[in-house]
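# Results of the structural survey
Letter by letter, the chains look like this.
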Amino acid sequence: RIDADFAVAAIGLCRSSARHIAEELWADGDFVLQALAVDPSAFRCAAWELRLDRGFVLRAVRAHGRVVEHVAPELQIDADILCAALRSDTQALKQLTLESRSDP
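Residues numbered from 1 in each chain as written. Predicted model: local features only at pLDDT ≥ 70, side-chain atom pairs only at ≥ 80, totals over all residues. Heavy atoms only, no water.

Right, let's get into the overall build of the chain. Secondary structure summary: the chain contains seven helices and zero strands in total. Seen in sequence order, the chain has helices and strands lined up from the N terminus as α-α-α-α-α-α-α. Across the 104 residues of the chain, 43% fall into the buried class. Across the chain, every contact between residues at least 6 apart in sequence was considered, and the portion connecting residues at least 24 apart equals 42%. Put simply, the chain shows about 6,100 Å² of open surface, and 52% of that area lies on carbon and sulfur atoms. (Helix = DSSP H or I, 4+ residues; strand = E, 2+ residues; numbered from the N terminus. Buried < 20%, exposed > 50% of the residue type's maximum accessible area, 1.4 Å probe, protein only. Contact = heavy atoms within 4.5 Å. Areas by Shrake-Rupley, 256 points an atom, 1.4 Å probe, with all protein chains shown as cover.)

Structure follows, in structure tokens:
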């Protein structure tokens, strides 16, 4: 088994280390949430299934609003997700595309 604690520590020391972590860890929601605590941009490495999972995405954006930049495009226009992201971080929507921000 890959040591998740070691992987999280590595991400905290060097963001680029995230791309060298086994895919199985990026498919583990608990691991991804731990990784977000040290580097919210690590969400871009999460398994696509997690990035599509509305419930998981809500948990992630509630903790770290800026991860909304890396969720599946169809969830970037979900009102609940956008509100949760903004409650977490008022700058969370800054990087989203104009198209995503202008959808009702």
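After that view of the structure, there is still more to cover.
Grouped together as the largest cluster of nonpolar side chains are 31 residues, with contacts concentrated most on I11, W26, F31, V32, F43, V61 and V68. Residue assignment for this core shows that the elements contributing at least two residues are α1 (4-13), α2 (23-26), α3 (29-38), α5 (54-63) and α6 (79-88). Counting residues per element, this core draws most heavily on α5, at five residues. Once residues lying within four places of it in the same chain are set aside, the contact partners of F31 are A4, A7, V8, I11, I21, L25 and W26. (Core = buried A, V, L, I, M, F, W, Y, C linked by side-chain atoms within 4.5 Å.)

Note that all results are geometric; they support no functional claim without further evidence.
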